[in-house]
Amino acid sequence: MATSAAPRLLPPGLSAGRALPSPALRRWLSRGGAPRPPGAGEAASAAGLLRDAAAAEDEAPRSGPGGKARRAPEEASVLLFPGQGSQFVGMGRGLLRYPNVRELYRVAEGVLGYDLLGLCCEGPGAQLERTVHSQPAVFVSSLAAVEKLHQEQPRVVESCVAAAGFSIGEYAALVFAGAIDYAEALYAVKVRAEAMQEASEAVPSGMLSVIGRHNSNYVTACLEAREYCKSLGIENPVCEVSNYLFPGSRVIAGHLQALEFLQQNSKKYSFVRVKMLPVSGAFHTQLMEPAVGPLSEALNSINIQKPLIPVYSNVENRRYTEPKQIQRLLVKQLVSPVKWEQTMHAIYERKKGVGFPYTYEVGPGKQLGTILKGCNLKAWKFYKHIDVSEDEKA
């Protein structure tokens, strides 16, 4: 468990390990139980069902008397939480009629110090696109989407057997799984976003989406791009794979000059298509090193518990097992590539003939569904997206 060495880090009204009174600050899958929709009865008691699901996942199937089988795939669900870049003006507007959603944004305004709901719904887009705003916006809007899913299809939430989030989405997955309280996680997200924004502004850098072929040589491409930067007088240039998306798709991040070199020489490395991403820095590379200290200090000041269901790490593409590991890998994630392709294989790999769970992308955009299709077409056939942009009903 991460304990507070410096309580002053937390904003007023937040202290590590202290239960907060607002219903919106509960864990969806909390050890105390999640709120039940009217008329749902005991069937909607998420806590007990999740304990059963976690036990079934951890215990291999046994045959014979007394054997306990895993939950059937068609009765299980996996939740995926999107990352930065999925944000858009208008997101969240269609979620406001669901219980607790307005409270989620109200608490966010208190922690962040600005009107996040207004920014999400009305923009301006240029402000929403900034790292310092987009990361909290995606985090909160994704958890608001969970509220919609829980109200409309409570059994999906209660039968969830695994969760994963892309970059900032990992924080939402951990809140959903009961590892971190909402407000405390949001504070860490705030510190992370501010520190990454500052690191991005220190060095002209960015991220390049690459669609390649089976013979594309990413290692050589990045090496030669770094050598080119050195010829320009850039010391310690950075150019490396920062996201593994699906076979043939990578994101390369680093100094802008390195990325421009790769664009101009894309054919040499058998890149089919290259495109600059609308982000302000080289995330998940060594250029984010200045953000490590502030985030580490913030995570030290909040309470982290073992997730109630498996949550998969971006860094190691395997389940988190204990709080100190969560704290360590969330910090390491800043300067390490997101191994999303490997994570999808870890979640969905199974023996021939074994079915797939239903997968729900909760949050803005459908990028994770597109990536899942590239990683595992059979799993993608059971994919659904929880829309956050529909017009609010009267």
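Quick caveat, the model's predicted, so the values are computed rather than measured.

**Concerning the overall build of the protein chain**
For step 1, the next point in the chain: Broken down by element type, the protein chain carries 15 helices and 10 strands.
For step 2, the next point in the chain: Residues counted as buried form 56% of the 394 residues belonging to the protein chain.
For step 3, the next point in the chain: The contacts of the protein chain with a sequence gap of at least 6 include a subset with a gap of at least 24, amounting to 76%.
For step 4, the next point in the chain: As displayed, the protein chain has an accessible area near 16400 Å², and 52% of this comes from carbon and sulfur atoms.

**Digging into the sheet that holds strand 10 (residues 383-386)**
For step 1, the next point in the chain: The five strands are arranged 7-2-1-9-10 in an open sheet whose pairing can be described as parallel. What marks the edges here is a single partner per strand, and that holds for strand 7 (311-312) and strand 10.
For step 2, the next point in the chain: Note that strand 2 (residues 160-165) and strand 7 share two bridges and pair parallel. Pairing of Ala163 across the sheet is with Val311, part of strand 7.
For step 3, the next point in the chain: Those strands touched by helix 5 (residues 131-152) are strand 1 (77-81), strand 9 (358-362) and strand 10, and its axis lies near 130 degrees from that of strand 9.

**Quick look at the sheet that holds strand 3 (residues 205-212)**
For step 1, the next point in the chain: Across the sheet, five strands lie side by side as 6-3-5-4-8; this open sheet has mixed pairing. The open sheet has two free edges, formed respectively by strand 6 (271-276) and strand 8 (338-339), since each of these has just one partner strand.
For step 2, the next point in the chain: Here six bridges tie strand 4 (residues 239-246) to strand 5 (residues 249-255), and the two strands are oriented antiparallel to one another. For Tyr244, the partnering residue across the bridge sits in strand 5 and is Arg250.

**Some details on the pattern of salt bridges**
For step 1, the next point in the chain: The full count for this structure, using the stated rule, is 10 salt bridges.
For step 2, the next point in the chain: The salt bridge involving Glu103 is made with Arg106; its shortest N-O contact spans 2.3 Å. Residue Glu103 and its partner Arg106 are located together in helix 2 (residues 101-112), separated by three residues, close to a single helical turn.
For step 3, the next point in the chain: Glu341 is the partner of Arg250 in a salt bridge, and the nearest nitrogen-oxygen pair spans 3.1 Å. Residue Arg250 is found in strand 5, and its partner Glu341 is found in helix 13 (residues 340-348); the two are separated by 91 residues along the sequence.
For step 4, the next point in the chain: For Glu341, a relative accessible area of 11% gives the class buried.
For step 5, the next point in the chain: Taken together, the shared-partner salt bridges in this structure form one network comprising Glu316, Arg318 and Arg328.

**What to know about helix 14 (residues 367-375)**
Along an α-helix, a turn takes 3.6 residues, which lines up residues three or four apart on a common side.
For step 1, the next point in the chain: When we look at burial in helix 14, the residues that qualify are Leu368, Gly369, Ile371, Leu372 and Cys375. Down the axis, helix 14 shows its buried residues gathered within 160 degrees of arc, on one side only.
For step 2, the next point in the chain: On its buried face, helix 14 sits against strand 1, strand 4, helix 13, strand 9, helix 15 (377-380) and strand 10.

**Points about the nonpolar core**
Proteins that are soluble and globular tend to have nonpolar side chains buried together.
For step 1, the next point in the chain: Core analysis: the largest hydrophobic core is formed by 103 residues, its most contacted members being Phe81, Phe139 and Tyr182.
For step 2, the next point in the chain: Of all the elements, helix 8 (residues 182-202) adds the most residues to this core, at 11 residues.

**Digging into the state of the cysteines**
For step 1, the next point in the chain: Applying the stated criterion across every chain, the model contains zero disulfides.
For step 2, the next point in the chain: Unpaired in terms of disulfides, Cys120 finds its nearest cysteine sulfur in Cys121, a separation of 6.5 Å.

**Quick word on the packing of aromatic side chains**
For step 1, the next point in the chain: Overall, the coordinates contain seven aromatic pairs when judged by the stated rule.
For step 2, the next point in the chain: Seen in terms of ring centroids, Tyr269 and Phe271 are 5.9 Å apart; in terms of plane orientation they differ by 40 degrees. Their pairing is tilted. Exposure class is identical for Tyr269 and Phe271. Each is buried.
For step 3, the next point in the chain: Summarising the aromatic geometry, the rings of Tyr358 and Phe382 are spaced 5.6 Å apart at their centres and angled 85 degrees between planes, so their arrangement reads as edge-to-face. You can see Tyr358 sitting in strand 9 and its partner Phe382 sitting in the loop between helix 15 and strand 10, a full 24 residues away along the chain.
For step 4, the next point in the chain: Judged by relative accessible area, which is 30%, Phe382 ranks as partly exposed.
For step 5, the next point in the chain: Feature note: the residues Tyr218, Tyr269 and Phe271 constitute an aromatic cluster, connected by ring pairs.
For step 6, the next point in the chain: Positioned above the aromatic ring of Tyr218, the side-chain terminus of Arg250 is 5.7 Å from the ring centre.
For step 7, the next point in the chain: When the ring centre of Trp380 is taken as origin, the NZ or CZ atom of Lys373, which lies over that ring, is 4.4 Å away.

**Some remarks on the packing of helix 11 (residues 292-300) against helix 12 (residues 323-332)**
For step 1, the next point in the chain: Direction vectors running N to C along helix 11 and helix 12 enclose 160 degrees, while the axes themselves pass 9 Å from each other. In terms of their interaxial angle, helix 11 and helix 12 are classed as roughly antiparallel. In this structure, helix 11 crosses over helix 12, and the sense of that crossing is right-handed. When helix 11 is examined against helix 12, the residues Val292, Leu295, Ser296, Leu299 and Asn300 are found in contact with a partner set consisting of Gln327, Leu330 and Val331.
For step 2, the next point in the chain: Class assignment for the residues of the contact of helix 11 with helix 12 results in five nonpolar, three polar and no charged.

Rules and cut-offs
Residues numbered from 1 in each chain as written. Predicted model: local features only at pLDDT ≥ 70, side-chain atom pairs only at ≥ 80, totals over all residues. Heavy atoms only, no water. Helix = DSSP H or I, 4+ residues; strand = E, 2+ residues; numbered from the N terminus. Buried < 20%, exposed > 50% of the residue type's maximum accessible area, 1.4 Å probe, protein only. Contact = heavy atoms within 4.5 Å. Areas by Shrake-Rupley, 256 points an atom, 1.4 Å probe, with all protein chains shown as cover. Pairing = 2+ DSSP bridges. Axes fitted to C-alpha atoms, helices over the stretch in contact; angles between N-to-C directions. Salt bridge = Lys/Arg side-chain N within 4 Å of Asp/Glu carboxyl O. Arc of directions from axis to C-beta. Core = buried A, V, L, I, M, F, W, Y, C linked by side-chain atoms within 4.5 Å. Disulfide = S-S within 2.5 Å. Phe/Tyr/Trp six-rings, centres within 6.5 Å; stacked < 30°, edge-to-face > 60°. Lys NZ or Arg CZ within 6 Å of the ring centre and 35° of its normal. Parallel < 35°, antiparallel > 145°, perpendicular 65-115°, else oblique. Left-handed = near helix turned anticlockwise from the far one by under 90°. Nonpolar A, V, L, I, M, F, W, Y, C, P; charged D, E, K, R; others polar.

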